[in-house]
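Understanding the architecture of this molecule
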Amino acid sequence: FIEAADILKFSDDEIKTYTKKEDLGAAVKAVKKENTLLLISMGNRGSMYVYNDLSGVIPSKKVIPVDTTGAGDAFFGTALAYLDGKEFTKENIEIALKKGNEAGAGTVLFKGAVKI
């Protein structure tokens, strides 16, 4: 499925495990392919993206996590919602990741994946 995807999302730990590379940069190079948007969540360090010749790191708001359950899903779902129907430009990707980071950070402030 990874080979056929237009958008890939890994955490920094997941991509290192998947590629068997210790270095995040080497892991990204091993997975990166043309016309595929690669998103990497990095916990309190924010998120990273790579798309063709575009790349960047979007910092995240620093929070004190209570429970990280659902943070990656909140990040990815929000980023996808902000990218839906849009071109993968630097501006659109960075706005989507900023909003995704905010959603992920907000999710870790309480116990469980959904605040009820």
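The structure displayed is predicted, hence computed values, not measured ones. (Residues numbered from 1 in each chain as written. Predicted model: local features only at pLDDT ≥ 70, side-chain atom pairs only at ≥ 80, totals over all residues. Heavy atoms only, no water.)

**Regarding the overall build of the protein**
From N to C terminus, the protein includes 4 helices and 4 strands. In the protein, the order of α-helices and β-strands from amino to carboxyl end is β-α-α-β-β-β-α-α. The C-alpha atoms of the protein give 14 Å as radius of gyration, which agrees with the globular expectation for 116 residues (13 Å, within 12%). Once the C-alpha set of the protein is aligned to its principal axes, its extents read approximately 40 × 35 × 25 Å. Within the protein, the fraction of its 116 residues that count as buried is 39%. For the protein, restricting intrachain contacts to residue pairs at least 6 apart in sequence, the fraction spanning at least 24 positions comes to 54%. Surface accessibility of the protein: about 7,100 Å² in total, with carbon and sulfur atoms responsible for 55%. Distance between charge centres in the protein, computed from 16 positive and 16 negative side chains, equals 5 Å. (Helix = DSSP H or I, 4+ residues; strand = E, 2+ residues; numbered from the N terminus. Rg over C-alpha atoms; globule rule 2.2 N^0.38 Å. Buried < 20%, exposed > 50% of the residue type's maximum accessible area, 1.4 Å probe, protein only. Contact = heavy atoms within 4.5 Å. Areas by Shrake-Rupley, 256 points an atom, 1.4 Å probe, with all protein chains shown as cover. Lys, Arg positive; Asp, Glu negative; His and termini not counted. Charge placed at Lys NZ, Arg CZ, Asp CG, Glu CD.)

**Considerations on the nonpolar core**
In this structure, Ile 15, Leu 24, Val 28, Leu 38 and Ile 40 are the most contacted members of the largest nonpolar core, which totals 13 residues. Put simply, the parts of the chain that give this core at least two residues each are strand 1 (7-11), helix 2 (24-31), strand 2 (37-41) and strand 3 (47-51). Broken down by element, the residue count for this core peaks at 4 residues, all from helix 2. Setting aside residues no more than four positions away along its own chain, Ile 40 makes contact with Phe 10, Ser 11, Asp 12, Ile 15, Leu 24, Val 28, Gly 46, Ser 47 and Met 48. (Core = buried A, V, L, I, M, F, W, Y, C linked by side-chain atoms within 4.5 Å.)

**Focus: the packing of aromatic side chains**
Overall, the coordinates contain 2 aromatic pairs when judged by the stated rule. Ring plane angle 35 degrees and centroid distance 5.6 Å describe the contact between Phe 10 and Tyr 18, whose orientation is recorded as tilted. Where Tyr 51 meets Phe 88, the ring centres are 5.2 Å apart and the plane angle is 90 degrees; that geometry is what we call edge-to-face. Separated by 37 residues along the polypeptide, Tyr 51 in strand 3 and Phe 88 in the loop between helix 3 (71-83) and helix 4 (90-107) bring together distant segments of the chain. (Phe/Tyr/Trp six-rings, centres within 6.5 Å; stacked < 30°, edge-to-face > 60°.)

**Let's talk about the layout of surface pockets**
Space left empty within the atom packing is revealed by a probe, the size of a water molecule, rolled over the atoms. Size it by volume and the largest pocket reaches roughly 390 Å³. In terms of lining, the largest pocket is formed by 22 residues, of which the most central are Gly 43, Asn 44, Ala 71, Gly 104 and Val 108. Among the elements of the structure, strand 1, helix 3 and helix 4 are those that each provide at least two residues to the lining of the largest pocket. Top contributing element to the lining of the largest pocket by residue count: helix 4, with 4 residues. Tallied by class, the residues present in the lining of the largest pocket amount to 7 nonpolar, 11 polar and 4 charged. (1 Å grid on protein atoms, 1.4 Å probe; cavity = no way out; pocket = protein on both sides within 12 Å on 5 of 7 lines; lining within 4 Å. Points joined across faces, edges and corners; volume = space filled by probe spheres on them. Nonpolar A, V, L, I, M, F, W, Y, C, P; charged D, E, K, R; others polar.)

**Topic: the pattern of salt bridges**
In the structure shown here, the tally under the stated rule is 4 salt bridges. Lys 98 is the partner of Glu 102 in a salt bridge, and the nearest nitrogen-oxygen pair spans 3.6 Å. Here the residue Glu 102 and the residue Lys 98 both occupy positions in helix 4, the gap between them amounting to 4 residues, near one helical turn. When its relative accessible area of 46% is taken as the criterion, Lys 98 is described as partly exposed. (Salt bridge = Lys/Arg side-chain N within 4 Å of Asp/Glu carboxyl O.)

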